[in-house]
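So the chains spell out like this:
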Amino acid sequence: MKVNHSVETNVNKNTVFSEQVAEEQEEQQEKSSLKYIVLILACLLMFGNNYSFDNPQALQRQLTQDLDISISKYNLLYTAFSFPNIFLTLIGGLIIDVLGIRVAIMGFSAIVVIAQTIIAFGGLFKSFWIMLAGRVLFGSASESLLIAQTAMIGKWFRGKELSTAIGYIMTMPEIASAANSFVTPTIYDHFNGLTYPLFFSVFLCFLSFICGVVLCILDKNNDKKQKELQFVYKDNASEKSEQVEKVSFKDIKSLNGTFWILILICTLAMGAYVPFLDDANDFLQEKFEFSYVQSGRILTLTYLAAAITSPFLGPYVDKVGKRRFFILITCLFFSATHFLFGFMKSGYHDKPNWFSIIPLITLGMSYSLYCCVLIPSVQYVVQQRVIGTAFGILGMFTSTSMALFPILAGYIVEGATSKEEGYSTVGFFYCGVSVFGLIFTISLYFFDKQSSIILDFVNPENPTKEEQEIMKNIKQANNEQLGVFEDIDDDLLKIEGEDNDDDENVKNDGFWEKNQRYLVSSKGFSTPKLAANKTVHERTGSLYY
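Cut-off values and rules
Residues numbered from 1 in each chain as written. Predicted model: local features only at pLDDT ≥ 70, side-chain atom pairs only at ≥ 80, totals over all residues. Heavy atoms only, no water. Helix = DSSP H or I, 4+ residues; strand = E, 2+ residues; numbered from the N terminus. Buried < 20%, exposed > 50% of the residue type's maximum accessible area, 1.4 Å probe, protein only. Contact = heavy atoms within 4.5 Å. Areas by Shrake-Rupley, 256 points an atom, 1.4 Å probe, with all protein chains shown as cover. Patch = residues over 30% accessible without salt bridge, like charges linked within 9 Å, V, L, I, M, F, W, Y side chains within 5 Å. Salt bridge = Lys/Arg side-chain N within 4 Å of Asp/Glu carboxyl O. Axes fitted to C-alpha atoms, helices over the stretch in contact; angles between N-to-C directions. Left-handed = near helix turned anticlockwise from the far one by under 90°. Nonpolar A, V, L, I, M, F, W, Y, C, P; charged D, E, K, R; others polar. Core = buried A, V, L, I, M, F, W, Y, C linked by side-chain atoms within 4.5 Å. Phe/Tyr/Trp six-rings, centres within 6.5 Å; stacked < 30°, edge-to-face > 60°. Lys NZ or Arg CZ within 6 Å of the ring centre and 35° of its normal. Expected span 1.5 Å × (residues − 1). Parallel < 35°, antiparallel > 145°, perpendicular 65-115°, else oblique.

Visitor: Help me out: how do you make sense of the overall build of the protein in this one?
Guide: Broken down by element type, the protein carries 23 helices and zero strands. Going through the 545 residues of the protein one by one, you find that 55% of them count as buried. Long-range contacts, defined here as pairs at least 24 residues apart, represent 83% of the contacts in the protein between residues at least 6 apart. Of the roughly 24200 Å² that the protein leaves accessible, carbon and sulfur atoms contribute 63%.

Visitor: Explain the environment of V413 to me, please; I cannot follow it from the model alone.
Guide: Inspection of the secondary structure puts V413 in helix α17 (residues 387–415). Taking relative accessible area as the criterion, V413 reaches 5% and is therefore assigned buried. For V413 and F283, which are 130 residues apart along the polypeptide, the C-alpha to C-alpha distance reads 9.9 Å. Those residues in contact with V413, other than ones at most four positions away along the chain, are S418, K419, G422, Y423 and V426.

Visitor: What am I meant to see in the environment of L41 here?
Guide: Topologically, L41 is positioned in helix α1 (residues 2–45). Residue L41 is classed as buried on the basis of its relative accessible area of 11%. The spatial distance from the C-alpha of L41 to the C-alpha of I210 is 9.5 Å, given a sequence separation of 169 residues. Not counting residues within four places of it along the chain, the set of residues in contact with L41 comprises C211, V214, L215 and L218.

Visitor: I keep staring at a nonpolar patch on the surface and nothing clicks. Help me out?
Guide: Taken together, the side chains of F83, F87, L88, I91, I95, V98, L99 and V103 present a nonpolar region at the surface, about 730 Å² in accessible area. In terms of residues, the nonpolar patch owes the most to one element, helix α6 (residues 85–99), which gives six residues. Relative to the assigned elements, F83 resides in the loop between α5 (71–82) and α6. Accessibility expressed as a relative area gives 45% for F83, which makes it partly exposed.

Visitor: Explain the packing of helix α8 (residues 128–156) against α17 here, please?
Guide: In helix packing, the relevant descriptors are the interaxial angle and the interaxial distance, both defined with respect to the helix axes. Packing of α8 against α17 leaves a shortest axis separation of 10 Å and a crossing angle of 140°. Here α8 runs over α17; the crossing is right-handed. Touching E143, I147, T150 and A151 of α8 are I387, G388, F391, G392, S399 and M402, all from α17. Partitioning the contact of α8 with α17 into residue classes produces five nonpolar, four polar and one charged.

Visitor: Which parts of the structure should I look at to understand the side chain of T330?
Guide: Locating T330 in the fold gives a position in helix α15 (residues 323–343). For T330, a relative accessible area of 0% gives the class buried. The residues contacting T330, other than those within four sequence positions of it, are S366, L369 and Y370.

Visitor: Mind showing me how you'd approach the pattern of salt bridges here?
Guide: Close approach of charged atoms allows side chains of opposite charge to pair. The final tally for this structure, using the stated rule, is four salt bridges. Note that R323 and D318 form a salt bridge whose closest N and O atoms lie 3.8 Å from each other. The pair formed by R323 and D318 is uniform in burial state, with each residue classed as buried. If you follow the salt bridges from partner to partner, you end up with R61, D282 and E286 in one network.

Visitor: Can you walk me through the nonpolar core in this structure?
Guide: Inside soluble globular proteins, nonpolar side chains tend to come together where they are buried. The biggest cluster of nonpolar side chains holds 121 residues, and the ones touching the most others in it are I153, F259 and Y370. Sorting elements by how many residues they give to this core places helix α12 (residues 257–278) first, with 14 residues.

Visitor: Even after reading the chapter, I still don't get the packing of aromatic side chains, so can you show me in this structure?
Guide: The geometry of an aromatic ring pair comes down to the distance between the two centres and the angle between the two planes. Evaluated as defined, the whole model comprises 28 aromatic pairs. Here F53 and Y78 contribute two aromatic rings whose centre-to-centre distance is 5.4 Å and whose plane-to-plane angle is 75°, an arrangement assigned as edge-to-face. You can see F53 sitting in helix α2 (residues 47–53) and its partner Y78 sitting in helix α5, a full 25 residues away along the chain. For the pair F53 and Y78, a shared accessibility class is recorded, and that class is buried. Here F405 and F429 contribute two aromatic rings whose centre-to-centre distance is 5.6 Å and whose plane-to-plane angle is 85°, an arrangement assigned as edge-to-face. One end of the pair, F405, is in helix α17; the other, F429, is in helix α18 (residues 419–446), with 24 residues separating them in the sequence. The exposure class of F405 is buried, given its relative accessible area of 10%. Following the ring pairs from residue to residue traces out a cluster consisting of F276, F283, F288, F341, F405, Y423, F429 and Y430. If you follow R135 out to its NZ or CZ, it ends over the ring of Y78, 5.0 Å from the centre. It is R324 that lies over the ring of Y445; its NZ or CZ is 4.5 Å from the centre.

Visitor: Just to check I follow, could you spell out α15 for this structure?
Guide: For an α-helix, 3.6 residues make a turn, and residues three or four places apart therefore share a direction. Over its 21 residues, α15 runs 30 Å from end to end, which matches the ideal 30 Å to within 8%, given 1.5 Å per residue. Listed in full, the buried residues belonging to α15 are R323, R324, F326, I327, T330, C331, F334, S335, T337, H338, F341 and G342.

Visitor: What exactly am I supposed to notice about the packing of α15 against helix α16 (residues 357–380) here?
Guide: Here α15 crosses α16 at 150°, and the two axes come no closer than 9 Å. Relative to α16, the element α15 lies roughly antiparallel. α15 and α16 meet at a crossing whose hand is left-handed.

Visitor: Sorry, what's going on with unusual backbone geometry here?
Guide: Across residues other than glycine, the phi torsion is negative in most instances, and most of the peptide bonds are trans. Backbone geometry places K126, a non-glycine residue, at a positive phi of 55°. By the element assignment, K126 lies in the loop between α7 (101–124) and α8.

As structure tokens, then:
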């Protein structure tokens, strides 16, 4: 009877296990189709935000005339947007990590709607200061909303899918910016005032808010299903409960050298892109002799170039890796583009220089590379649990450049003998900024090779055996830097899915403390799956890299 009972028990267990496997496969298929919906909603989440952000650029000449303001005062609309984020994006990142991505998306997108409404009333009453107050509030929520969107994408798309997802995500905002450059001046001309184009932006922000609400509902329902699935598997997993690690400012110390170099490159790249476009409408009119309607329409080429190339660049980068090389190409593109803006001949007696279209297109391609290469690279070198904090730091640095550079550009133009000469100097100024980004990129090859090598892997979170061998060789070549960590456990280099001996996987707290310190050290390798290693080991008894 005992034997029969044992056999019956094993049969029941096998049956239950088969049912669980079938349920898991069905769950994976459902999640795969849900990813596409999440991706679309995440794209639409930032549409209204990006359309509204560049309203001043599309109405630069009209704003300076209707509000009777100088070019420096006009640039304050962008400085007011970026200045609060020097401090608030880090707080926003912590909010995302502590309160959750969904709370952040709904809260920040609601603030964006309110802020754009204030800006629209500023246009209605022709009050520069009301508009400026609205831009401050708009900026304080906009960048944090972008961080929340990026964190949401990082949650749903990992490994080789990340650059592809980011590529598609960055398409929609560029389409929004292109639509703003084309539609906003048209609405202004039709109604002959600031009120209607600005309130149309409010309407688009509200639609994006609705998309954010739907996105959060889908994400919450998916989390519930995942918890139910984990509950089904509890008999096959470890009985230890998962402990959620709290995020603190101490986590900033664990960010390695590669992260900080990437932050500096991103700061300079964004500083050469966004502030330039802030004045691009007037730039094209004063230097290349385009009309304000022509300028608005031609600027759509920059956004369309980014929107068209991003869906192709993202999958290609995911396929080949080599992200350090693509970062180098990004900085070269930015440098060459701004050099052309400064070097090219001006228009002559209302005859536009149509060759200026070339650097406008390459500028969009440069931004596409930035989105598909640099942003995913940041996610690869930090732990998933602090992704919000990491992007908060990134937002703090990029906001500094976006707040400072428009002011400098305004002083350069106003200090020149003519606007034409001033804008030529501005082109060379942004070229110099991009060259500094190029220098920091080169440092990844020579001064930070050991930590940054993972960026060249096709899937930095799950290196192939050949890529693991490369890491081992680099470790051996840097013994003087790794002397403290020579006893690193080889299990850390195992690939997910390998069969591991249960007896060998019994790790104590000292093991995890030692290897965590190694992997996040600026002298060692880094991986965003580090924080999950111990949790997965406790649940399944296995270890993955």
